[in-house]
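Each chain, letter by letter, is given below.
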Amino acid sequence: MDPHGGTGAPSVGPLEQALHAARALVLADLVAREVAEADVVSLVEESVTHRRWWVEQWPEGAGFLAGLVAQDVQDALLERYGRWPLCPVCGSGDPHALEVQPELGPDPHWVCHKAGVKVAAVGALGRATGGAADS
Ligand SMILES: [Zn+2]
């Protein structure tokens, strides 16, 4: 019994917190690129479910979840919608998608392999795509 509600926090462990964070970051990028429709959100949920299993097997990978979920969603979108997220850096040439780097590591970023530049951290795409004068 804990009448103050202070110590009886729900059992949300660090892995679940990492999953929530990864989900929020990828959703933020989807919203930034205006593809966060209901069925797209369900792709994120599918990835999070899969990665929950994955990170339970390998808790040390918790810091890699955002990059992994981003790649899962990118792959799923490629099959159903096409390339995502399109590179906002290269003004000409074939439209191409950004890639997550590192593929399996902490602090993932969206990278344009053509220009060889980091475009934004995963979760910060909205700040990178509107141009400096946006707002
Ligand atoms: Zn590019």
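Criteria and thresholds
Residues numbered from 1 in each chain as written. Predicted model: local features only at pLDDT ≥ 70, side-chain atom pairs only at ≥ 80, totals over all residues. Helix = DSSP H or I, 4+ residues; strand = E, 2+ residues; numbered from the N terminus. Contact = placed C-beta atoms within 7 Å. Axes fitted to C-alpha atoms, helices over the stretch in contact; angles between N-to-C directions. Parallel < 35°, antiparallel > 145°, perpendicular 65-115°, else oblique. Left-handed = near helix turned anticlockwise from the far one by under 90°. Nonpolar A, V, L, I, M, F, W, Y, C, P; charged D, E, K, R; others polar. Expected span 1.5 Å × (residues − 1). Buried ≥ 20, exposed ≤ 12 C-beta atoms within 10 Å, placed from the backbone. Pairing = 2+ DSSP bridges.

J.: For this particular structure, what's the right way to read the overall build of the protein?
T.: Across its full length, the protein carries four helices and three strands. Beginning at the N terminus, the succession of helices and strands in the protein can be written as α-α-α-β-β-β-α. Nonlocal contacts in the protein, meaning residues at least 24 apart in sequence, comprise 56% of its contacts between residues at least 6 apart.

J.: Explain the environment of Phe 64 here, please?
T.: Within the secondary structure, Phe 64 sits in the loop between α2 (38-57) and α3 (65-80). C-alpha separation for the pair Phe 64 and Leu 19, spaced 45 residues apart in sequence, amounts to 9.9 Å. Leave out the neighbours within four places in its chain, and Phe 64 touches Leu 104, Gly 105 and Pro 106.

J.: Can you walk me through the packing of α2 against α3 in this structure?
T.: The geometry of α2 relative to α3 is characterised by a closest axis approach of 9 Å and an angle of 135° between their N-to-C directions. Viewed along their axes, α2 and α3 adopt a mutual orientation that is oblique. The two elements α2 and α3 cross, and the hand of that crossing is right-handed. Contact with α2, carried on its side by Leu 43, Val 44, Ser 47, Val 48, His 50, Arg 51 and Val 55, involves Leu 65, Leu 68, Val 69, Asp 72, Val 73, Ala 76 and Leu 77 of α3 and no other residues of that element. Considering only residue class, the contact of α2 with α3 consists of 10 nonpolar, two polar and two charged.

J.: Would you mind going over unusual backbone geometry with me for this structure?
T.: In the segment running from Trp 84 into Pro 85, the intervening peptide bond is cis, with an omega of -15°. With an omega of -5°, the peptide bond running from Gln 101 to Pro 102 counts as cis.

J.: Looking at this model, I keep getting lost on α2. Mind explaining?
T.: Helical periodicity: at 3.6 residues per turn, an α-helix aligns residues three or four positions apart in one direction. In this model, α2 (20 residues) spans 29 Å end to end at C-alpha, consistent with the 28 Å of a helix rising 1.5 Å per residue. Here α2 has its buried residues at Leu 43, Val 44, Ser 47, Val 48, Arg 51 and Val 55.

J.: How should the pairing of strand β3 (residues 117-121) be read in this particular structure?
T.: Every other side chain in a regular strand lies on the same face of the sheet, so the side chains alternate between the two faces. By the bridge criterion, four bridges tie strand β2 (residues 109-112) to β3 in an arrangement that is antiparallel. Paired with His 109 across the two strands is Ala 121, which belongs to β3. Taking the residues that link successive antiparallel strands as the turn, the β2-β3 hairpin has four residues, and the phi of Gly 116 there is positive, at about 70°.

J.: So what exactly am I meant to see when it comes to the sheet that holds β2 here?
T.: Spatially, the three strands line up as an open sheet ordered β1-β2-β3, and their pairing is antiparallel. Among the strands making up the open sheet, the edge pair consists of β1 (99-101) and β3. Across the sheet, the mean angle separating the axes of adjacent strands is 40° when strand polarity is ignored.

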